[in-house]
There are 2 protein chains.
Amino acid sequence: MIQITLIGSGNVAQHLLSAFNKSDAVQIIQVYSRKIESVSHLISIDKITNSFEDLAEADVYIIAVSDDAVAKVASQLPFKNRLVVHTSGSASMESLDDNNRKGVFYPLQTFTKGKEVDFKDIPICIESQFNDDYNVLKKLADSISDKVFTINSGQRRSLHVSAVFVNNFVNHLYKIGNDICDAHQVPFDILQPLIKETADKIMSLSPDEAQTGPAKRNDQTTIESHLDFLSDDNHKNIYKLLTQSIQDHGKKL
Amino acid sequence: MIQITLIGSGNVAQHLLSAFNKSDAVQIIQVYSRKIESVSHLISIDKITNSFEDLAEADVYIIAVSDDAVAKVASQLPFKNRLVVHTSGSASMESLDDNNRKGVFYPLQTFTKGKEVDFKDIPICIESQFNDDYNVLKKLADSISDKVFTINSGQRRSLHVSAVFVNNFVNHLYKIGNDICDAHQVPFDILQPLIKETADKIMSLSPDEAQTGPAKRNDQTTIESHLDFLSDDNHKNIYKLLTQSIQDHGKKL
């Protein structure tokens, strides 16, 4: 059994807690949460603490807090030479405090409160300072996910930036599509099968192979007609920049 | 039985042909294809013609050619007062030739050669000049899809523009994510569960509710660090514009 203590009570912390709760290989020693009630639906109240001083011994301390709070939380831990990892995509492993052995346990997924996800399908990117710690993190990750990757801090950063494009920005394009539909009294639902198929395609085709549309086939008439149709300047600018990007890339092939 | 003739042999034509082949309510009279061999794997060769003059009588003629060729093909048909529809998202119904009764039969999906799709889930947007013709198109659409919508040319245009954002542009963001991963020797596959979940989320949450990331939470440190990380100017520009768009929208809420 790997004994873990989870520090944090946000989305990632809660989803990890649910996953660890189901794992036979993991014993949850404690959860640190500033507000006890944030996680009391997921773990018995005697295991929740809001004081770093109360943290008992564990094999791994997992800091699941916002990216910019990782370093500060790590520096506040009142013990030395234990394995402390964070779950952030953007913080480097080095940003953890030198008092303890460092590692990363980064689940690459978008977590929504109240929407359950199957952790088995979520890639977990692990990294550690020391080989023995790597083995512990590997065992821990394997116990909740089928997709465990060894990823260094540089690679993780590139994954995090890529994730902004394929998740945050993609979702924003959904929003623009939704706004255009709303403005013309068309139910956005009509586009959902297209959204689903667009994502599904990428499982079997490369994005280059999957690319279609007026920009790809250099259909200037349709492009002009779309720009003419769009009344929002911001939508126009995004349309122009992404069309240009598709066309420029096409030329390079 | 509705007797149809399909004009065209591209992606949309081939996927429609497969769907109609399976429908008990439809009899395929002919397929017009400039090259006989383009569709000979889908229909017996005696039903394929490459001459408009050879077109026999049918209840509906479906023009499934590229958007900019619709009007020209419609004007070349050597008969009058029959029901002629196109499958284009961007061409108006009016662009069809006045010699015949006009309609639209627009399946809203991205079709890839060789990748089969379940037509039952594909929204079909129909429109017609005359009520009787509407009923025929409705019956035809119902025979292959569970999602049939009555959509006028203005609404269809807004759907088509939205589709460019949620399909063409989204796929291009996948491509940028892929390029960033390639440049840092990280397998793009790691991002696939995130891509899938991003699309899945939209089935139960609005894009506003689903939005996460540094732009949404105004995390300027991470934004700066990502811009610093990106070496490609085009990627930088897209990152900036979409980040700004997410932030501006956030303010408006």
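The name given to chain A in an unreviewed UniProt entry is Short-subunit dehydrogenase-like oxidoreductase (DUF2520 family), and the organism recorded there is Flavobacterium arsenatis.

### A few points about the UniProt feature "domain: DUF2520" (unreviewed entry) in chain A
Sites flagged by UniProt as "domain: DUF2520" (unreviewed entry) map to residues 122-246 of chain A. Between the end C-alpha atoms of residues 122-246 of chain A there is a gap of 30 Å, over a span that is 67% helix and 6% strand.

### Examining the sheet that holds strand β6 (residues 101-107) of chain A
All names here are of chain A. Reading across from one edge, β3-β2-β1-β4-β5-β6-β7-β8 is the order of the 8 strands in this open sheet, with mixed pairing throughout. Looking at strand neighbours, the two that pair on one side only are β3 (48-49) and β8 (148-150), the edges of this open sheet. In this fold helix α1 (residues 11-22) packs onto β1 (2-7), β2 (26-32), β4 (60-63) and β6, with an angle of close to 150° to the strand it touches most, β2.

### Some remarks on the domain arrangement of chain A
Residues and elements named next belong to chain A. According to the domain assignment, chain A consists of domain 1 (2-151) and domain 2 (156-252). Taken over C-alpha atoms, the centre of domain 1 sits 36 Å from the centre of domain 2. Listed by partner, the interface residues are 15 residues for domain 1 and 6 residues for domain 2. Contact between domain 1 and domain 2 buries roughly 720 Å² in total, counting both sides, with carbon and sulfur atoms accounting for 58%.

### Comments concerning the sheet that holds strand β3 (residues 48-49) of chain B
Residues and elements named next belong to chain B. Pairing in this open sheet of 8 strands is mixed, and the strands run β3-β2-β1-β4-β5-β6-β7-β8 from one edge to the other. Pairing within the sheet leaves two strands with one partner each, and these edge strands are β3 and β8 (148-150). Bridge count for strand β1 (residues 2-7) against strand β4 (residues 60-63) is 4 bridges, and the pairing is parallel. Within the sheet, the bridge partner assigned to T5 lies in β4 and is Y61. Of the strands in this sheet, β1, β2 (26-32), β4, β5 (83-86), β6 (101-107), β7 (124-128) and β8 are in contact with helix α3 (residues 131-142), which crosses β7 at around 165°.

### Looking at the UniProt feature "domain: Pyrroline-5-carboxylate reductase catalytic N-terminal" (unreviewed entry) in chain A
With numbering aligned to this structure, UniProt lists the feature "domain: Pyrroline-5-carboxylate reductase catalytic N-terminal" (unreviewed entry) at residues 4-86 of chain A. Annotation note: span residues 4-86 of chain A, helix share 23%, strand share 25%, distance between end C-alpha atoms 13 Å.

### Considering the pattern of salt bridges
Scanning the model with the defined rule gives 22 salt bridges over all chains in all. One salt bridge connects D208(A) with K175(B), and the closest N-O pair in it is separated by 3.7 Å. Of the two residues, D208(A) is situated in helix α6 (residues 207-210) and K175(B) in helix α4 (residues 153-183); the pairing between them involves two chains. In this structure, D142(B) engages K138(B) in a salt bridge whose closest nitrogen and oxygen atoms are separated by 2.8 Å. Of this pair, D142(B) and K138(B) are both found in helix α3, 4 residues apart, which corresponds to roughly one turn of the helix. With a relative accessible area of 35%, D142(B) lands in the partly exposed category. Exposure remark for K138(B): the relative accessible area of 29% places this residue in the partly exposed category. Salt bridges sharing common partners tie together D67(A), R217(B) and D219(B).

### Comments concerning the relation of the copies chain B and chain A
Overlay of chain B on chain A (RMSD 0.0 Å): rotation 180°, translation along the axis 0.0 Å. The symmetry that links the two subunits is that of a two-fold axis. For chain B, the residue whose C-alpha comes nearest the rotation axis is V170(B), separated from it by 2.7 Å. When the interface residues of chain B are mapped onto chain A, 100% of them again fall at the interface, so both copies present the same face.

Conventions we followed
- Residues numbered from 1 in each chain as written.
- Chains lettered and ligands numbered in written order.
- Predicted model: local features only at pLDDT ≥ 70, side-chain atom pairs only at ≥ 80, totals over all residues.
- Heavy atoms only, no water.
- UniProt positions renumbered as here; feature names shortened; annotations may be inferred.
- Helix = DSSP H or I, 4+ residues; strand = E, 2+ residues; numbered from the N terminus.
- Pairing = 2+ DSSP bridges.
- Contact = heavy atoms within 4.5 Å.
- Axes fitted to C-alpha atoms, helices over the stretch in contact; angles between N-to-C directions.
- Domains from an automatic or database assignment.
- Buried area = accessible area lost by both parts, 1.4 Å probe.
- Salt bridge = Lys/Arg side-chain N within 4 Å of Asp/Glu carboxyl O.
- Buried < 20%, exposed > 50% of the residue type's maximum accessible area, 1.4 Å probe, protein only.
- Least-squares fit on C-alpha atoms with pLDDT ≥ 70 in both.

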